[in-house]
Amino acid sequence: MEKMILGRYIPGNSILHRLDPRSKLLFVFGFICIIFLANNVYTYSLLVLFVGLIILLSNINLRFLINGLKPVLILVIFTFFLQIFFNKEGSVIFSLGFVNIYEEGLKLGIFISLRFTLLVFITSLLTLTTTPITLTDGIESLLNPLKKVRFPVHELALMMSISLRFIPTLMDETDKIMKAQMARGVDFTGGPFKERIKSVIPLLIPLFVSAFKRAEELATAMEARGYRGGEGRTKYRLLTWGFPDTAVATALILLAVLLIFLRS
Amino acid sequence: MGKNLAIKTIVAIGIGAAVFVILGRFASIPTVVVPNTNFNTNYAFLALMAVVFGPIAGGLIGLIGHALLDSIMWGSIWWSWVVVSALVGFFIGFAAKRINIESGEFGKKQIISFNITQAIVQIIGWGLIAPTLDILIYAEPANKVWTQGIVAGLLNIVTVAILGTILLAAYAKTRVKSGSLKAE
Amino acid sequence: MDITLQDVEYKYQINTPFEHLAIHDINISIPEGTFMALIGHTGSGKSTVLQHLNALLKPTKGKVHIGDRVIDAGKKEKNLRPIRQKVGIVFQFPEHQLFDETVEKDICFGPMNFGVSEEEAKRRARELIVEVGLPEEVLQKSPFDLSGGQMRRVAIAGVLAMEPEVLVLDEPTAGLDPRGRTEIMDMFYRLHKQKGLSTILVTHSMEDAAKYADEIVIMHRGQVKKTADPRTIFSNPEELLELGLDVPEVVKFQYSLERKMNRKIGKTCLTIDELSMALREMQVRGESL
Amino acid sequence: MSSSVISINNVSFKYEGQESFALSDVSITVKEGEWLAIVGHNGSGKSTLAKILNGLQFPQNGSVLVGDIPLSSDSVWDIRKLVGMVFQNPDNQFVGATVQDDVAFGLENNGVPHEEMLPRVKQALQHVKMIDFLDQEPHHLSGGQKQRVAIAGVIALQPKVIILDEATSMLDPLGREEVIKTVRGLKDEQGLTVISITHDLEEAAQADRIVVMNRGTVYKEGTPDEIFLLEEELIKLGLDIPFPIKMAKALREKGFEVPRNYLTDAELVNELWTLHFKM
Ligand SMILES: Nc1ncnc2c1ncn2[C@@H]1O[C@H](COP(=O)(O)OP(=O)(O)OP(=O)(O)O)[C@@H](O)[C@H]1O
Ligand SMILES: Nc1ncnc2c1ncn2[C@@H]1O[C@H](COP(=O)(O)OP(=O)(O)OP(=O)(O)O)[C@@H](O)[C@H]1O
Ligand SMILES: [Mg+2]
Ligand SMILES: [Mg+2]
């Protein structure tokens, strides 16, 4: 079993790395909203330029980003062709036997695939330049106002960090259990469907038992260390909103205004 | 609800979400019939956790687990499906209040009740809500997302029906005799 | 059944950025009927070596001969089951592999995977549960109702039920109390003697290595540092201490006594009895005066 | 070494749904600054006792006094600050995402202000020699290192007492030694009181005092010298005896005169040397 890279964070010291996680989260969220404003060549070109600039600022190898795109590449291509074949507006620009490709179809196909790609780039950049734990801190801080309506913000963040903390541990455990059962004659990789379903049981039950035991022990340990919910708790990690963060927010607003101005 | 979440539940949700991620990553059984579709064993686990720890835990394990799984595997989160995972966990947990697994009884009646619930919840979730959200959020072509949703839904229903039932039966057995799974 | 490792190398996650060379240039030969102990400090590659003995890992270089099968680096191997049946592994904390409804079913799981009939498997379960020191009533209980030590014994019975010819043990007594430790190790030794099982034991306990093994292999940073019988290995305590390893208490005691007296007692003693006898002889010979 | 930090008076405890008492009528006094070892077979009630000292369980009968605070549901948070615990499994008590986050966890829980937290985390990590690992994630640490981080998490809260519940039993010999050395250092430097639950007899032999538990009761209490006089009795209780005592016994059987028991190799070697082999 391979070790996986948690959250795919790539250590670095670029401007993007140093930004407050809150500004990055807000930016990504805002970007996802305003990307839908784009609807013509100008607006899309603007977006591409903008994202290109961010990629430059991140110092992240383009290869990593493209790699991140791979899993959804089929989706992008699929969407592209769907638009091309099913959209029958505008003039025919290309004819291949009985298949006609219309101007609008091609345009929309390109636009939608582009939108998709940009979205993936932007969200990938977030996880590539921010450690999972900082991201969790950012989310907690952003959701803080929800505490007023008694939404368990702190608890949610704690759950996320426990989860991240235990993924590698439980992965080793999974590996060990699988090996132990393989030594007892279980074949996890092949065989007919019924066999394969049967083979997961000796993995699932021990994994569940262990998760349960860990949960119990961790809860006890936390209690012994004085944990009693979010109230009255101080924070070790402080987030600081600096000038670059304000700049990012401003840039986003500027982008939105430009998009509204340029869209048709 | 804030203060009522016990430490044990918080920890169980955190660790449960981690298990959800790992099963999703390493214990999916590919269907031979349709390429690129899997029997996701993690939904059987989600159903079990939802029945044992209730709707809130079920919902949050689905939400956190699926979001983490997406971001680890793809680097971005496919929100429409994450939402559905959360709903599936929540409603299975909600409906399972009647099963009362802690009593140790998990006979024919409970099995049928559990499976009807999970089937309804999942078909609505994957067949209806997920595609609708896909169209709304990602402007995806309709016929594609419907097919995708229904295939995924059916697969998950089958997985939970087989594995979820076995897991629950096994869990119920441990409840009859002793007070806890802990045997130290 | 003989097992030989020939120039074995293993890299975890080969061809990824996380590639890690865990063991290399490993040559170990385990003739049928040997009791071998594998010692070395954390991360020295003991567990990695063990997993080659029944093809759970395949070498990235070199060859592993298991009976008449050869696992060769780079070659695809089909049908590993016969190997897995003949070489049983008891992993660290084996109680974590229990999953079935009853102890009996869990013990039968292994043998039935290898095509043994249910009846025969149950017969073995009844025999083995006593062998590992538990009452027969336990068979019908859920394994999760047992105490940690009892679960450990059930898991061991589950491996023995496959009737392997070679038994591989990865720190089988970790976490048990002193009595449990002795009982379990004595049982393995009895099986080794009675059934002629080849036994390979990974342990941090030098007492156990000295007490049970015919041959000791010292692993250090992914390599075999030394292979010899216990007396030879422990007659050079400094060498072991340098590797961050310990020596048995008796040896340590003899060593400090020798330093105090500024002379050798003679051979290296591996048990308390041996040492007190040697000292007595010395005294009788009048060397003490 | 005179005044007591903890006194347990006639404590009985039964787990819910269990028939027999896990602890019955247990009374123990722990003196300030001492190292107290608790030994006993599996299931003898050691962990239950530890949990009661930390307010993780409340006794059905009897009372517990920490310093001069009686244990109750009101005082439990103060008591947890005074009595820190390190558990057996290094993985299942690491809460934070990195070493420093984990050490800070207890401080956060107790509302320690941010400015004060930074130096306290650093100091605690320096004490356990883990300062170079500030940003490490737990799965990159060895078992012994994780346990040292757990100890740092405890001492950051400046407790009076630290309880080790088989904290070394899952570690290799080197890791075990590291952890014990760390705690010993802290005890000497800061006058910490240590309660160590262990199956490791060599470790218990180094304690100031030993309590032997058997089936939920205190079987015997005394200095290591006194306890290991019990010899065969201990083996009947599922325990063991330290090597020098076994060696002395074998020597006596061979006709050597060994007048008393020793707890360390060095003492016995000396004795043998002076009595029998000196030229
Ligand atoms: N699944 C894995 N992926 C990557 N590296 C691994 C994996 N398992 C072990 N290693 C590495 O391989 C080396 C040898 O590990 P191994 O487990 O064989 O040591 P060991 O001698 O058994 O140690 P221990 O006494 O702690 O059990 C170590 O450096 C370890 O970090
Ligand atoms: N959570 C629990 N619920 C019910 N019974 C329990 C629980 N924990 C422990 N017990 C029982 O209480 C008794 C004392 O257990 P305890 O864990 O205190 O023993 P111990 O001396 O720490 O044993 P070990 O050496 O195995 O750690 C045992 O009989 C055990 O079965
Ligand atoms: Mg190992
Ligand atoms: Mg205990």
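Residues numbered from 1 in each chain as written. Chains lettered and ligands numbered in written order. Predicted model: local features only at pLDDT ≥ 70, side-chain atom pairs only at ≥ 80, totals over all residues. Heavy atoms only, no water.

## Description of the pairing of strand β7 (residues 161-165) of chain D
Regular strands place side chains that alternate from one sheet face to the opposite one. Residues and elements named next belong to chain D. When you tally the buried positions in β7, you get five out of five residues, the bulk of the element. What you see with β7 is no split at all: V161, I163 and D165 on one side and I162 and L164 on the other are buried throughout. Bridge analysis of strand β6 (residues 83-86) against β7 gives four bridges, and the strand direction is parallel. Across the sheet, residue G84 finds its bridge partner in β7, namely I162. With five bridges connecting them, β7 and strand β8 (residues 193-197) associate as parallel partners. (Buried < 20%, exposed > 50% of the residue type's maximum accessible area, 1.4 Å probe, protein only. Helix = DSSP H or I, 4+ residues; strand = E, 2+ residues; numbered from the N terminus. Pairing = 2+ DSSP bridges.)

## Some thoughts on the packing of helix α10 (residues 243-253) of chain D against helix α11 (residues 265-277) of chain D
All names here are of chain D. Between α10 and α11, the shortest axis-to-axis distance is 9 Å and the interhelical angle comes to 25°. The pairing of α10 with α11 is recorded here as roughly parallel in orientation. Crossing angle aside, the handedness with which α10 passes α11 is right-handed. Where α10 abuts α11, its residues F243, P244, M247, A248 and L251 lie against D265, L268 and L272. (Axes fitted to C-alpha atoms, helices over the stretch in contact; angles between N-to-C directions. Parallel < 35°, antiparallel > 145°, perpendicular 65-115°, else oblique. Left-handed = near helix turned anticlockwise from the far one by under 90°. Contact = heavy atoms within 4.5 Å.)

## Some points on the arrangement of the chains
In this assembly five pairs of chains touch, with chains A and B having more contacts than any other pair. At the C-alpha level, the nearest point of chain B lies 7 Å from chain D, with no contact between them.

## Considering helix α5 (residues 103-129) of chain A
Across its 27 residues, α5(A) extends 39 Å between first and last C-alpha, which sits within 8% of the 39 Å expected from 1.5 Å per residue. Burial analysis of α5(A) places 20 of its 27 residues in the buried class, the great majority of the element. (Expected span 1.5 Å × (residues − 1).)

## Some thoughts on the sheet that holds strand β5 (residues 69-72) of chain C
Residue and element names in this part refer to chain C. If you walk across this open sheet you meet the four strands as β2-β1-β4-β5, and the pairing is antiparallel. What marks the edges here is a single partner per strand, and that holds for β2 (20-30) and β5. Taken over all neighbouring pairs, the strand axes of this sheet differ in orientation by 20° on average, direction set aside. With five bridges connecting them, strand β1 (residues 3-12) and strand β4 (residues 61-66) associate as antiparallel partners. Paired with E9 across the two strands is K61, which belongs to β4.

## Observations regarding the sheet that holds strand β3 (residues 35-40) of chain D
All names here are of chain D. Spatially, six strands are ordered β6-β7-β8-β3-β9-β10 in an open sheet, and the strand pairing comes out mixed. Looking at strand neighbours, the two that pair on one side only are β6 and β10 (217-222), the edges of this open sheet. Neighbour to neighbour, the strand axes of the sheet diverge by 20° on average, direction disregarded. Across the sheet, helix α6 (residues 173-190) lies against β3, β7 and β8, angled at about 140° from β3, the strand it touches most.

## A short note on the site of ligand 2
Near ligand 2 lie 14 residues; those nearest to it are D:N42, D:G43, D:K46, D:S47 and D:T48. Residues close to ligand 2 are split across chains B and D. Within the backbone of D:G45, one N or O atom sits 3.0 Å away from an oxygen atom of ligand 2. D:K46 is positioned such that a nitrogen or oxygen atom in its side chain is 2.7 Å from an oxygen atom of ligand 2. If ligand 2 stood free it would expose 630 Å²; the protein chains cover 76% of that surface. Looking at side-chain class alone, the shell around ligand 2 contains two nonpolar, nine polar and three charged residues. (Near = heavy atom within 4 Å. Polar contact = N/O pair within 3.5 Å; in protein donor to acceptor, adjacent residues only side chain to side chain. Areas by Shrake-Rupley, 256 points an atom, 1.4 Å probe, with all protein chains shown as cover. Nonpolar A, V, L, I, M, F, W, Y, C, P; charged D, E, K, R; others polar.)

## A short note on the site of ligand 1
Taken together, 13 residues lie around ligand 1, and C:T42, C:G43, C:K46, C:S47 and C:T48 are the ones closest in. Ligand 1 sits at the junction of chains A and C, each of which supplies nearby residues. The contact in question runs from an oxygen atom of ligand 1 to an N or O atom on the backbone of C:G43, over 2.8 Å. One nitrogen or oxygen atom from the side chain of C:H204 is found 3.4 Å from an oxygen atom belonging to ligand 1. When ligand 1 is considered free in solution it has 640 Å² of accessible area, and contact with the protein chains removes 73% of it. Looking at the shell around ligand 1, the elements that each hand over two or more residues are β2 and α1 (46-52) of chain C. Looking at the shell around ligand 1 element by element, the count peaks at three residues for α1(C).

## Remarks on empty space enclosed by the protein
Picture a little ball the size of a water molecule; that probe, rolled over the atoms, points out where space is still empty. Within this structure, the stated rule accounts for four cavities of 30 Å³ or more. One number sums up the size of the largest cavity: a volume of about 70 Å³. At the level of elements, α2 (76-82), β6 and α5 (143-155) of chain D are the ones that each hand at least two residues to the lining of the largest cavity. Taken together, the residues of the lining of the largest cavity sort by class into five nonpolar, two polar and three charged. Its volume calculated, the second largest cavity comes out at about 50 Å³. Every residue lining the second largest cavity is listed: A:F208, A:A211, A:F212, A:A215, B:A12, B:I15, B:G16, B:M49 and B:F53. Of all the elements in the fold, those that place two or more residues in the lining of the second largest cavity are α8 (193-224) of chain A together with α1 (7-26) and α2 (41-53) of chain B. By residue number, the principal contributor to the lining of the second largest cavity is α8(A), which donates four residues. (1 Å grid on protein atoms, 1.4 Å probe; cavity = no way out; pocket = protein on both sides within 12 Å on 5 of 7 lines; lining within 4 Å. Points joined across faces, edges and corners; volume = space filled by probe spheres on them.)

## With respect to the UniProt feature "domain: ABC transporter" (unreviewed entry) in chain D
The sites that carry the UniProt feature "domain: ABC transporter" (unreviewed entry) are, in the present numbering, residues 6-240 of chain D. Within the segment residues 6-240 of chain D, helix and strand shares are 37% and 24% respectively, and the terminal C-alpha atoms sit 28 Å apart. (UniProt positions renumbered as here; feature names shortened; annotations may be inferred.)

## Overview of the pattern of salt bridges
This model, assessed by the stated rule, comprises 38 salt bridges over all chains. The salt bridge partner of C:R123 is C:E120, with a shortest N-O separation of 3.0 Å. Linking C:R123 with C:E120, this pair stays in helix α4 (residues 118-131), spanning three residues, or about one helical turn. Assessed through its relative accessible area of 35%, C:R123 is described here as partly exposed. We note a salt bridge from D:E34 to D:R209, for which the minimum N-O separation is 2.8 Å. With a gap of 175 residues between them, D:E34 in the loop between β2 (23-31) and β3 and D:R209 in strand β9 (residues 209-214) connect regions that are remote in the sequence. Residue class for D:E34 comes out buried when judged on its relative accessible area of 2%. (Salt bridge = Lys/Arg side-chain N within 4 Å of Asp/Glu carboxyl O.)

## Focus on the UniProt feature "transmembrane region" (unreviewed entry) in chain B
All names here are of chain B. Under the UniProt annotation, "transmembrane region" (unreviewed entry) lies at residues 6-23, 43-65, 77-96, 116-138 and 150-172. Between the first and last C-alpha atoms of residues 77-96 the distance is 29 Å; the span itself is 85% helix and 0% strand. The distance from the first to the last C-alpha atom of residues 150-172 is 31 Å, and the span holds 100% helix and 0% strand.

## Examining the side chain of C:T48
Residue and element names in this part refer to chain C. Here T48 lies in helix α1. Here T48 falls in the buried class, since its relative accessible area comes to 6%. Those residues in contact with T48 that sit more than four places away from it in its chain are Y10, Y12, A22, I23 and L57.

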